[in-house]
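# Notes for the structure review
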Amino acid sequence: MDFSLSDDQKALVQAAADFAKAELADHAAEWDARSHFPLDVIRRAGETGFLGIYTPEEHGGLGLSRLDASLIFEQLAQSCVATTAYLSIHNMVTWMIASWGDDALREAWVPQMISGEVLGSYCLTEPGAGSDAAHLRTKAVREGDEYVISGSKMFISGAGSTEVLVVMARTGAPDSGAGGVSAIVVPADAAGIEYGKNEEKMGWKSQPTRLVSFDGVRVPVTNRLGAEGEGFKFAMKGLDGGRLNIASCSLGAAQHALTLSRNYMSERKQFGRELNQFQALQFKLADMATELTAARLMVRQAAWRLDQNDPEAPVHCAMAKRFATDVGFQVCNEALQLHGGYGYIREYPLERLVRDTRVHQILEGTNEIMRLIAARRLLADGVIESLQLT
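Residues numbered from 1 in each chain as written. Predicted model: local features only at pLDDT ≥ 70, side-chain atom pairs only at ≥ 80, totals over all residues. Heavy atoms only, no water.

### Quick word on the UniProt feature "domain: Acyl-CoA dehydrogenase/oxidase N-terminal" (unreviewed entry) in the protein
- Taking the numbering used here, the UniProt-annotated feature "domain: Acyl-CoA dehydrogenase/oxidase N-terminal" (unreviewed entry) corresponds to residues 6-117.
- Taken as a whole, residues 6-117 contains 68% helix and 0% strand, while its terminal C-alpha atoms sit 32 Å from one another. (UniProt positions renumbered as here; feature names shortened; annotations may be inferred. Helix = DSSP H or I, 4+ residues; strand = E, 2+ residues; numbered from the N terminus.)

Structure below.
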């Protein structure tokens, strides 16, 4: 059992660190303060391959593993959580089109998405269907060789600034549940699409989040991914990886917070001693590091299982997402506490890390839904026993 990174993986981590230092670290606070979506920087990520990390090589991507992707996102998030989170969403959209689009659809979109010329948004959540995504109401009615899409999507990252949308819409009967959902690629500027205001959020301020309305939007049937009715399955497959991506962003944020805390404890004095001389604070730092290390191991094991096409990978992705995003927020919050009043002001990055990591417990499936996924699977015969085996 080898937990070490390969030389290639170490090179990926270094490449991500170099990009983060050059393009993200010095600007994250300003982007947050101005609610600025750094499109130029995001598009430049295409030059490093970071817009097609696990898109197959035959379609122009890097073709890396989900474990490799986790390493990259963790490193990038140490410099800007919100921007890295959008990069993870774009990677998921690119991978979905490359994996299930026909040749013409892939050729129309994927090369431009990998280069950064075109950016994507993922449209699943609706005003009335968040955790209960199988009962979404946006519909796509077939008329000849076209779908006519009507409905709305809520909390869509990048919306209004991206060029392509992957939309989950109901092509079956209103009561068809998950089996009546299809995934459709929609140009973001198609006639009949309107975008709501950029939501004023607690965190993730450097990426826009908007409602997207569809009023009789027409797209060719050939824009559908896979067969009719397979969309929910694709959405869930996308979310398995998406959950690991966002968990990795939490790991990166917590790693940054832990480093800042160690440095602050070495520099700050109280009662005539450096903070790192107080045993209570030493224990707090030790607990933060222990929880973060455990979360990292869970995420990397779940990523490995996903790469191996393990049938139990979805439940491991859910458990890793729940644990890592809870730990990520907890570590950032404890780091803010260690910094005292300094942690609460914007001159220091801790308050931004706390705000940015809080939403990770909600998106890509709330952590309550992650518990539900795990619990349902664990009740099956032999699953609990299998947890002790690789």
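### Focus on helix α10 (residues 350-358)
- The buried fraction of α10 is high, at 8 of 9 residues.
- Inspection of α10 places Leu350, Glu351, Arg352, Leu353, Val354, Arg355, Asp356 and Thr357 among the buried residues, and these make up the whole buried set.
- Tucked into the core, α10 has its buried residues touching α2 (28-34), α5 (81-100), α7 (231-267) and α9 (313-338). (Buried < 20%, exposed > 50% of the residue type's maximum accessible area, 1.4 Å probe, protein only. Contact = heavy atoms within 4.5 Å.)

### Structural notes on the packing of α7 against α10
- Taken N-terminus to C-terminus, the directions of α7 and α10 make an angle of 155 degrees; their axes are 10 Å apart at the nearest point. Between α7 and α10, the crossing angle belongs to the class labelled roughly antiparallel. Seen from above, α7 lies across α10 with left-handed handedness. Within the contact between the two elements, α7 uses Ala253, His256, Ala257 and Leu260 and α10 uses Leu350, Leu353 and Thr357.
- Of the residues contributing to the contact of α7 with α10, the split by class is 5 nonpolar, 2 polar and no charged. (Axes fitted to C-alpha atoms, helices over the stretch in contact; angles between N-to-C directions. Parallel < 35°, antiparallel > 145°, perpendicular 65-115°, else oblique. Left-handed = near helix turned anticlockwise from the far one by under 90°. Nonpolar A, V, L, I, M, F, W, Y, C, P; charged D, E, K, R; others polar.)

### Quick word on a nonpolar patch on the surface
- Together, Met1, Phe3 and Leu297 line one region of the surface with nonpolar side chains, adding up to about 420 Å² of accessible area.
- In this structure, Met1 sits in the segment before α1 (7-24). (Patch = residues over 30% accessible without salt bridge, like charges linked within 9 Å, V, L, I, M, F, W, Y side chains within 5 Å. Areas by Shrake-Rupley, 256 points an atom, 1.4 Å probe, with all protein chains shown as cover. Salt bridge = Lys/Arg side-chain N within 4 Å of Asp/Glu carboxyl O.)

### Considerations on the pattern of salt bridges
- In this structure the tally under the stated criterion is 20 salt bridges.
- Arg355 serves as the salt-bridge partner of Glu351, at 2.8 Å between the closest nitrogen and oxygen. On the criterion of helical spacing, the pair formed by Glu351 and Arg355 is a turn pair, its members being 4 residues apart in helix α10.
- The network of salt bridges with shared partners includes Asp32, Arg346, Glu351 and Arg355.

### A look at the pairing of strand β2 (residues 139-143)
- Of the pairings in the sheet, the one linking β2 to strand β3 (residues 146-157) comprises 5 bridges and is antiparallel in character. Across the sheet, residue Val141 finds its bridge partner in β3, namely Val148.
- Counted along the chain from β2 to the antiparallel partner β3, the turn is 2 residues long, and its residue Gly144 has a positive phi close to 65 degrees. (Pairing = 2+ DSSP bridges.)

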